[in-house]
Amino acid sequence: MPEAGVDIIRLDGAEKHFGAATVDIIRLDGAEKHFGAVRALAGVDFHVGAGECVGLVGHNGAGKSTLMHMVAGTLVPDSGRIAVRGGIEDNYSVPRAQQLGIRCVFQELSLCPNLSVAENTRINHPALRGFGWRRKAADLIAAKLDEIFPGHSISAADIASDLSIGRRQMVEVARAFTVTQDPLELVILDEPTSSLDAHTAGQLLAFVRRFVAGGKSCILISHVLGEVLGNADRIVVMRDGKVVASDAAKAFDRDRLVTTMGGAAAREKIAAEIATQKPETGPLRVRARPARQQDGNELVAHAGEIIGLAGLAGHGQTDLLLAIFAAAARTKTGIEVTAPVALVAGDRQSDGIFPQWSIAQNIGIRSLARLRNGLLISPRREAELADFWQKKIGIRTPDMNSNIFSLSGGNQQKALFARALGSDAKIVLMDDPMRGVDIGTKLEVYDLVREEAGRGRTFLWYTTETEELDNCHHVYVFKNGRIVAKLGRDELTEEKIIQSSFGDAA
Amino acid sequence: MRPEMTAASVESGPKSSSERSALARARLLRGLLPAMSLVLVLLAIAWLNPRAISYFGFSLMLNLAIPIALATIAQMFVIAGNELDLSIGTFVGFVGCVTATWLKEAPLVGVLILLGSIGVYALLGALIHLRNLPSIVVTLGMSFVWQGLAILILPKPGGKAPDWLLSLMAFKPPFVPFPIIAALLIAAVVHFGLMRTSYGVILRGSGGNAAALSRAGWSLLKTKIVLFALTGLFGVLSGMALIGITTSADANIGNGYTLLSIAGVILGGGEFVGGRVSPIGAVIGALTLALAASPLLTFMHIPPDWQVAANGAILIIVLAARVLISRKER
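Taking an unreviewed UniProt entry as the reference, chain B is identified by name as Monosaccharide ABC transporter membrane protein, CUT2 family belonging to Mesorhizobium muleiense. Recorded in UniProt under Subcellular location (unreviewed entry), the annotation for chain B is "Cell membrane".

As recorded in an unreviewed UniProt entry, chain A goes by the name Ribose transport system ATP-binding protein, listed as coming from Mesorhizobium muleiense. The UniProt entry for chain A carries this comment under Sequence similarities (unreviewed entry): "Belongs to the ABC transporter superfamily."

See below:
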C-alpha cells in the first residue's frame, strides 16, 4: 500500500477529535450550491482531519449528499473554496480527487451490472491494464473482500447482476478501499450498511475503525444513529443546507443528536386551526395495509381528514399511495377504498405533466367525463373549469391556453393540484408534491388543502418535510415498508417522528 | 438504466452460493443457445442434403456470411453502448460503391474516403453524446445520406472490385473453408478486444452503468466515439468483403443488412440495453441467419421470397427459448 508523500501526523486523545493541530485532508469553506430555486447548501464549512472518522447526520434533504458530492468532486460548488491538505484546489474534479486519494461509495449502487466483480474493480483503477490485468484485478478485490468481510463467498468472476443487493454493496465498499497507483486518504461511506445484515455491517464498521487507526480518514453517513455514535470521532449535524453542530462524538448522545437534527425552534403551528376543525369522524374512505406489514397496523382515513405519511424517503410511503390508487380501480386484498381517487404526483416532470399540452388541458384531463359534449370535449367547459381554478388557486398566467411549461415550477404544481381538486375525487393522494416549491406557493396550497378537507375531502399526504405534517390530523410513520407508528395531532413532534423512523431496532 | 438493480433491490436476503451457481448455469445455457441454433440449422441441412456438408458446400453456403458477420459485429459495438445503428445497411452499400469504383481506380482517394467515413461515424457518436440525441433518429437520417452518396457514386449497378480484394476473398485454404476461418478470426479478434482487454471493459461498462463510469472519471464522450468509430470500421470491412464476393456493386446492395445485423446481435445473445453483448455469439448469429436464409430454404424447396420470413421465424423461436431460460432463472 503506497503511502502519500506527506507525513501523516498521528495524534491521539482529544486533540485529534478537534482537528486543530492535524493536517486537514479536505476543507471546504463557505460552500454553496443551488439547484434552480432550491438552495441545497448555504455556505457550509466542513473539514476532515487525518486519522479521523467524521459522522455526518441530518434529515432528508439536509444537504449531506450534496456536500459529499463536492468532496468527491462530482459536483462543483457555486461559490466557496475547497482545499486538500492545505492546498487550494481551483479545478477540483473526480480524477483530481482520485489522485489525491479521496474516494466515495455512493448511496445508489454504482456497479455495472453487466460486468464481473473484477471488471468492476478495473473501472476504478486506470492502472489495471496491460498484460495480466484480469488476474491482478481479481486478486486485488478478492484480497480486500477477505480483509473486510471474512467468509464473504463472493468470487471475483461473479457477474454483478447475479449478486444480491447486499453482496453488491460489499463489493462496492471493498472496491473503494483497493489501492493501485493513487494513494488512499479518505473514503466517504454514504449509508454503507443500508443493505447489509447486522453481521456484515459489524465487519465493515470494525474495518473502518482499523482503517482510521492506521491514520487514514473516513466520512460515515448513516441513518442508524447508533452506528454513527459508536464509530465516529466527531459528528457533524446538518439541517436545511447548513452545518448546525460539529462536536466530538462523546459530546453527543442519541437524544441530543435527534434534537439537533430536528431543530428545537418552535414553529408557528396551524395546530389550533386543525384542532378546532377536527371533524366528528365522517364515513370511512380508506383502509389500507402496506404489503410488507406483518403486525396489525393499518392506515385508516375518514372523510374530511388529512392524513400524513412520514418517515425517511423511500420507506414504502409512495408504494402504499400507488397501491391505494390502483385499488380504487380494481379490488385489491388488504386495501379498501370507498370513493374516487386522484393522485398528485411528486415528480411532476415525469409523472404529472403532459408537456405538449396547455395549462387548461392539463387541468381538465382528470375530469373529461364532465367536460364532454356528446363525443367531443367542450372547449367552453374546459375553459370554465380552468378559469375557476386559476382564480381559486392563483395560477399566475395571462392565458390558460398557453403551454404548461410557460409556468414557473410552483405554478405547474398548482395546476396539478387544480387537476386533482377540480375532479370528482373524494380522496386525494399526494406523493410529496411540494418538493422544490417556493414557500409562498406552499402556504397557499396548505390553505386550500385544509379548506377542501373541511368540505369533506380526504387527503393522504406523503411528505419529506416535517413542517408539512403540521397540517395533518394524524400521521403514520413508515420504516422499511411498514407502518411503525401512528401519531395523533397532539403527540406530533419532529423528535417523535425522527425517533420512530430512526428506530435502530429493526 | 438499471432494470435489474431496481428489481433486485426488493429482495432482501443474500443469495446463497448454490443459487448463484444456478444462475451461472442458466447464463451458460443462454450463452450456448446461439451455438445450439446454429447446430440445429446445420443438422437440418445435413438431413435434407448430406452432400452440402463438405468443403465445397460450406464455401458456397457461407459465402455471404462474412460480410453479414462483419456488419453484425459493427452493429454490436453500438448496441454495447445502448445505441442502435439504422444506417449500417446503406453504409455497407456506400462502402461497396466506393470499393468498386474509387478504390480500384484511385486507391489513395478510395482509402481516404473510407477513412473519412469512419471519421463521420466517430463524429456521429460525439454528436449523439453531446446533444443527447436518440441514435435511432440520427442514424435513420444518416441512412438516407449514405444511400444518396452511394447512388451519386454509382447511379446504376456496375464497377469492379480491386483485384487484390477479389483474390483475397477467393482464397481457398486447405481442409477448412475460408468463410469458417474468417468467421473464427473475426470472432476471436473482437472477443479479445472487447471482452478481454482493459479498455473493452470500459466500453461495455458505458452500456451497463454510464453514471458509475463517469463518476470513476472516465469520459463517456470518448467511449461513445470509440464505439461508433469501431462500428464504422467494421461497416467498411463488411462493404469491402461484400464487393470482394459479388465482384461488382449496386447502391442498394447492403440495404437488407440493417435488420440482419440487429437480428444477428440479438440472436447471438446480445440485449438492446445494458451493455450485454457477445462477439462470438454475434458471429454465430450471423452464420445462422446466413445459413437459414438461403441454403436451408433452397433445400426445403421453399422459394427465396420467404427468406425474410424465415429469418423472422428463427429470431422469434430463439428469443422465445431465451425467455424460457431466463424465466427459470427467477
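Moving on from the coordinates now.
Q: Which residues make up the overall build of chain B, and what values go with them?
A: Across its full length, chain B carries 16 helices and zero strands. Radius of gyration (C-alpha) of chain B: 20 Å, near the 20 Å computed for a compact globule of 330 residues. By principal-axis analysis of the C-alpha atoms, chain B measures approximately 65 × 50 × 35 Å. By the burial criterion, 48% of the 330 residues in chain B qualify as buried. Restricting the contact set of chain B to residue pairs at least 6 apart, pairs at least 24 apart contribute 79%.

Q: Any details on the overall build of chain A? Residues and values, ideally.
A: Within chain A, the regular secondary structure consists of 18 helices and 21 strands. When the 506 residues of chain A are sorted by exposure, 47% land in the buried category. Contacts spanning at least 24 positions in sequence make up 69% of the contacts within chain A whose residues lie at least 6 apart.

Q: Could you give an account of the pairing of strand β9 (residues 234-239) of chain A, naming the residues involved and the relevant values?
A: Residues and elements named next belong to chain A. Within β9, five of the six residues are buried, which leaves it mostly tucked inside the rest of the structure. With five bridges connecting them, strand β3 (residues 53-58) and β9 associate as parallel partners. Residue Gly-58 lies in a different strand from β9, and its bridge partner there is Met-238. Taken together, the six bridges between β9 and strand β10 (residues 242-248) define a ladder with antiparallel strand orientation. If you follow Arg-234 over to β10, its bridge partner there is Ala-248. Linking β9 to β10, which pair antiparallel, is a turn of two residues; within it Asp-240 sits at a positive phi near 50°.

Q: Account for the environment of B:Leu149, naming residues and giving values.
A: Residue and element names in this part refer to chain B. Of note, Leu-149 is situated in helix α8 (residues 135-153). A tally of 19 C-beta atoms within 10 Å means that Leu-149 is categorised as partly exposed. For Leu-149 and Gly-312, which are 163 residues apart along the polypeptide, the C-alpha to C-alpha distance reads 30 Å.

Q: Tell me about the sheet that holds strand β7 (residues 186-190) of chain A, residues and numbers included.
A: Residue and element names in this part refer to chain A. Taken in spatial order, the six strands line up as β6-β7-β8-β3-β9-β10 in an open sheet, and their pairing is mixed. Only two strands of the sheet have a single neighbouring strand rather than two, namely β6 (102-105) and β10. Across the sheet, the mean angle from the axis of one strand to that of its neighbour is 15°, orientation sign disregarded.

Q: Outline the interface of chain B and chain A, listing residues and values.
A: Taken together, the 28 residues of chain B in the interface contact 27 residues of chain A. Elements represented by at least two residues in the side of chain B that touches chain A include exactly α1 (3-8), α2 (17-48), α11 (198-208) and α12 (210-215) of chain B. Among the elements that take part in the side of chain B that touches chain A, α11(B) stands out by supplying seven residues, more than any other. Per-class residue counts for the side of chain B that touches chain A are ten nonpolar, ten polar and eight charged.

Q: Go over helix α18 (residues 494-501) of chain A with me, naming the residues and quoting the values.
A: Residues of α18(A) that are buried: A:Glu494, A:Ile497, A:Ile498, A:Ser500 and A:Ser501. Relative to the axis of α18(A), the buried residues are bounded by an arc of 165° and lie together on one face.

Q: Which residues make up the nonpolar core, and what values do they have?
A: Membership of the largest hydrophobic core comes to 234 residues, with the highest contact counts inside it found for A:Ile324, A:Leu460, B:Ala69 and B:Leu287. The contacts of A:Ile324, once residues within four sequence positions are left out, are A:Val286, A:Ala288, A:Ile335, A:Val337, A:Val341, A:Leu429 and A:Leu460.

Q: Outline the sheet that holds strand β13 (residues 306-311) of chain A, listing residues and values.
A: Residue and element names in this part refer to chain A. Spatial strand order, β15-β18-β19-β13-β20-β21: six strands in an open sheet with mixed pairing. For this open sheet the edge positions go to β15 (341-344) and β21 (482-488), each flanked by a neighbour on one side alone. Across the sheet, the mean angle from the axis of one strand to that of its neighbour is 20°, orientation sign disregarded. Two elements, strand β18 (residues 427-431) and strand β19 (residues 458-462), share five bridges in a ladder whose sense is parallel. From the neighbouring strand, Leu-429 faces β19, where its bridge partner is Leu-460. Sheet strands touched by helix α16 (residues 409-421): β15 and β18. Its angle to β15, the strand with the most contacts, is close to 175°.

Q: Before we move on, could you go through the domain arrangement of chain A and cite the residues and values that matter?
A: All names here are of chain A. Its domain assignment divides chain A into domain 1 (1-101 + 184-262), domain 2 (112-181) and domain 3 (271-501). Listed per partner, the contact involves twelve residues of domain 1 and ten residues of domain 2. If you tally residues by element for the side of domain 1 that touches domain 2, the top one is helix α7 (residues 198-213), at four residues. Within the side of domain 1 that touches domain 2, the residues separate by chemical class into eight nonpolar, three polar and one charged.

Q: Quick one: what's the story with the packing of helix α4 (residues 65-80) of chain B against helix α13 (residues 220-246) of chain B, residue by residue and with numbers?
A: Residue and element names in this part refer to chain B. Relative to each other, α4 and α13 sit at 170°, their axes nearing to 8 Å. As summarised for this structure, α4 and α13 are arranged roughly antiparallel, according to the angle between their axes. Across from Ile-66, Pro-67, Leu-70, Ala-71, Ile-73, Ala-74, Phe-77, Val-78 and Ala-80 in α4, the residues of α13 making contact are Leu-227, Phe-228, Leu-230, Thr-231, Phe-234, Gly-235, Leu-237, Ser-238, Ala-241 and Leu-242. Partitioned by chemical class, the residues of the contact of α4 with α13 number 16 nonpolar, three polar and no charged.

Q: So, the packing of helix α5 (residues 88-100) of chain B against helix α14 (residues 257-267) of chain B: which residues are in play, and what are the values?
A: All names here are of chain B. Two numbers describe how α5 lies on α14: the axes approach to 6 Å, and their chain directions differ by 120°. When the interaxial angle is binned, α5 and α14 end up oblique. Contact residues: Ile-88, Gly-89 and Val-92 in α5; Tyr-257, Thr-258 and Ser-261 in α14. Taken together, the residues that form the contact of α5 with α14 break down as three nonpolar, three polar and no charged.

Q: Give me the lowdown on unusual backbone geometry, citing residues and values where you can.
A: In this model, A:Arg85 sits at a positive phi of 50°, which is unusual for a non-glycine residue. Assessed through the 17 C-beta atoms surrounding it within 10 Å, A:Arg85 is described here as partly exposed.

Q: Can you break down α8(B) residue by residue, with the values?
A: Residues and elements named next belong to chain B. If you check α8, its first and last C-alpha atoms are 26 Å apart, about what 19 residues at 1.5 Å a residue would give, namely 27 Å. Within the span of α8, buried status applies to Ser-135, Val-138, Thr-139, Met-142, Ser-143, Trp-146, Gln-147 and Ala-150. For α8, the elements touching its buried residues are α4, α5 and α7 (107-130).

Definitions and cut-offs
Residues numbered from 1 in each chain as written. Chains lettered and ligands numbered in written order. Predicted model: local features only at pLDDT ≥ 70, side-chain atom pairs only at ≥ 80, totals over all residues. UniProt positions renumbered as here; feature names shortened; annotations may be inferred. Helix = DSSP H or I, 4+ residues; strand = E, 2+ residues; numbered from the N terminus. Rg over C-alpha atoms; globule rule 2.2 N^0.38 Å. Buried ≥ 20, exposed ≤ 12 C-beta atoms within 10 Å, placed from the backbone. Contact = placed C-beta atoms within 7 Å. Pairing = 2+ DSSP bridges. Axes fitted to C-alpha atoms, helices over the stretch in contact; angles between N-to-C directions. Nonpolar A, V, L, I, M, F, W, Y, C, P; charged D, E, K, R; others polar. Arc of directions from axis to C-beta. Core = buried A, V, L, I, M, F, W, Y, C linked by C-beta atoms within 7 Å. Domains from an automatic or database assignment. Parallel < 35°, antiparallel > 145°, perpendicular 65-115°, else oblique. Expected span 1.5 Å × (residues − 1).

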